[in-house]
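The chain contents come next:
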Amino acid sequence: MPQAKYDKVKDILRSMKSVVVAFSGGVDSTLLLKAALDALGPERVLAVTAASETYPTREMQEAVRIAEQLGAKHRIIQTSELNIPGYKENTPNRCYFCKQNLFQHLQVYLEKEGYEHIVYGLIADDMGEHRPGYKAAIEQGVRGPLQEAGLYKSEIRELSKQLGLPTWDKPSFACLSSRIAYGEMITQEKLTRVDRAESFIMSLGIRQVRVRTHGQIARIEVEAGDMAKLLEHREEIINALTSYGYTFVTLDLGGYKSGNLNKMLGKQAQPMTAQ
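Scoring rules and cut-offs
Residues numbered from 1 in each chain as written. Predicted model: local features only at pLDDT ≥ 70, side-chain atom pairs only at ≥ 80, totals over all residues. Heavy atoms only, no water. Helix = DSSP H or I, 4+ residues; strand = E, 2+ residues; numbered from the N terminus. Rg over C-alpha atoms; globule rule 2.2 N^0.38 Å. Buried < 20%, exposed > 50% of the residue type's maximum accessible area, 1.4 Å probe, protein only. Contact = heavy atoms within 4.5 Å. Areas by Shrake-Rupley, 256 points an atom, 1.4 Å probe, with all protein chains shown as cover. Lys, Arg positive; Asp, Glu negative; His and termini not counted. Charge placed at Lys NZ, Arg CZ, Asp CG, Glu CD. Core = buried A, V, L, I, M, F, W, Y, C linked by side-chain atoms within 4.5 Å. Pairing = 2+ DSSP bridges. Right-handed = clockwise from strand over helix to strand, strands pointing away. Axes fitted to C-alpha atoms, helices over the stretch in contact; angles between N-to-C directions. Arc of directions from axis to C-beta. Salt bridge = Lys/Arg side-chain N within 4 Å of Asp/Glu carboxyl O.

In the nomenclature of an unreviewed UniProt entry, the chain corresponds to 7-cyano-7-deazaguanine synthase from the organism Insulibacter thermoxylanivorax.

Peer 1: What's the story with the overall build of the chain in this structure? I'm lost.
Peer 2: Broken down by element type, the chain carries 10 helices and 7 strands. Scaling as 2.2 N^0.38, a compact globule of 275 residues should have a C-alpha radius of gyration of about 19 Å, and the chain matches this with 19 Å. Viewed in the frame of its principal axes, the chain has a C-alpha envelope of about 55 × 40 × 35 Å. With 275 residues in all, the chain has 50% of them scored as buried. A sequence separation of at least 24 residues applies to 74% of the contacts in the chain between residues at least 6 apart. Summed over its atoms, the accessible surface of the chain is roughly 12,600 Å², and 52% of this surface lies on carbon and sulfur atoms. When the 35 basic and 33 acidic side-chain charges of the chain are each reduced to a single mean position, those positions are 2 Å apart.

Peer 1: How do you make sense of the nonpolar core when you look at a structure like this?
Peer 2: Most often, soluble globular proteins keep nonpolar side chains buried together rather than apart. Membership of the largest hydrophobic core comes to 34 residues, with the highest contact counts inside it found for Leu 13, Val 19 and Val 21. Contributing elements (two or more residues each) for this core: helix H1 (2-16), strand S1 (19-22), helix H2 (27-40), strand S2 (45-51), helix H3 (57-70) and helix H7 (153-162). Take this core: its biggest share by element is 9 residues, from H2. Leaving out residues up to four positions away in the same chain, Val 21 has contacts with Ser 29, Leu 32, Leu 33, Ala 36, Val 45, Leu 46, Ala 47, Val 48 and Val 119. The next biggest cluster of nonpolar side chains, apart from the first, holds 25 residues, and it includes Leu 82, Tyr 87, Cys 98 and Tyr 244.

Peer 1: Which parts of the structure should I look at to understand the pairing of strand S3 (residues 73-78)?
Peer 2: Relative to S3, S2 runs parallel, the two being bridged by 6 bridges. When the bridges of S3 are listed, Leu 46 appears paired with Lys 73. With H3 bridging S2 and its parallel neighbour S3, the resulting β-α-β unit is right-handed.

Peer 1: Can you help me understand the sheet that holds strand S7 (residues 248-251) in this one?
Peer 2: Pairing between sheet strands relies on hydrogen bonds along the backbone, with the strands arranged either parallel or antiparallel. Ordered in space as S5-S6-S7, the 3 strands form an open sheet in which the pairing is mixed. One side of each edge strand has no neighbouring strand; the edge strands of this open sheet are strand S5 (209-214) and S7. When the angles between neighbouring strand axes are averaged without regard to direction, this sheet yields 25°. One ladder, built from 4 bridges, connects strand S6 (residues 217-222) with S7; its direction is parallel. If you follow Ala 218 over to S7, its bridge partner there is Val 249. The strands that helix H8 (residues 188-202) touches are S5 and S6; relative to S5, the one it contacts most, it runs at about 145°. Those strands touched by helix H10 (residues 234-244) are S5, S6 and S7, and its axis lies near 135° from that of S7.

Peer 1: What is the right way to read H10 from this model?
Peer 2: Helical geometry: 3.6 residues make up each α-helical turn, so side chains three or four residues apart lie on a common side. Listing the buried residues of H10 in full gives Ile 237, Ala 240, Leu 241 and Tyr 244. Buried residues of H10 fall within an arc of 90° about the axis and therefore sit on the same side. Looking at the buried side of H10, the elements it contacts are H8, S5, S6, helix H9 (227-232) and S7.

Peer 1: Would you take a moment to explain the environment of Tyr 120 for this structure?
Peer 2: Counting through the fold element by element, Tyr 120 comes out in the loop between strand S4 (117-119) and helix H5 (132-140). Residue class for Tyr 120 comes out buried when judged on its relative accessible area of 8%. Through-space distance from the C-alpha of Tyr 120 to that of His 74 is 15 Å; in sequence the pair is 46 residues apart. Not counting chain neighbours up to four residues away, the residues in contact with Tyr 120 comprise Ala 22, Leu 32, Lys 99, Phe 103, Gly 133, Tyr 134, Ala 137, Val 142, Arg 143, Gly 144 and Pro 145.

Peer 1: Explain the pattern of salt bridges here, please?
Peer 2: Counted according to the given criterion, the structure contains 22 salt bridges. Put simply, Arg 131 and Asp 126 hold a salt bridge, and the shortest N to O gap is 3.1 Å. Relative accessible area serves as the criterion here: at 31%, Arg 131 is assigned to the partly exposed category. Between Arg 212 and Glu 221 there is a salt bridge, and its shortest N-O distance comes to 3.0 Å. The burial state of Arg 212 is the same as that of Glu 221; both residues are buried. Members of the salt-bridge network, linked through shared partners, are Arg 58, Arg 179, Asp 195 and Glu 198.

Now the structure itself:
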């Protein structure tokens, strides 16, 4: 079944003739880039990665390495989410402003270099979540071939492993702003604090971590199997995170879950549709 869906992704991409891939180096966009290269060839595919305050240096370095490994043309553009009107106020629609701005930057490659479509790593799982960025994609005609083919994250990982992609078991990643509670102003200081905190915890051998920020409180999410390891390093973590500016350091016993801050939205967080 996953192979049939992957073939469908390639058929969708072939119908587009040429594409600009919004490429983060994550699990989904890496498979999408691989599919685009397989379907269209490297001359008709351009991977573009946006470097900004919300994108850790370690992720950028990995995106560069993966694009090179796949043999893709790759451009890095500079963006600044904190300068986008409406973004730093951190409303539940924050991601709409980010994606709107990103896709506007990518439109330049359609206008000046003749690429015909922009694609990004939307997947089937995303359609049941709070995804304001989907609205921005619909408005600008940006497509998500993985989602159109009905591919789910588990299938994407399976296909990635079969294809020898280094991201097949890579932990899920989202921009650093997703760690800051809605309604709390996003600042460079807070983004840096989150980045340093997560990097420190990852240095202890914990691959999947979120340091959710509620004012001066750090609420650490890791997978259930890593909680014991986290507690083994309790004093080190407390000392490090308080030195970065947190006053309280806590462990979320519910564990890691993508989009956990959306629980704060209640009925506001309805699945996004193409209306």
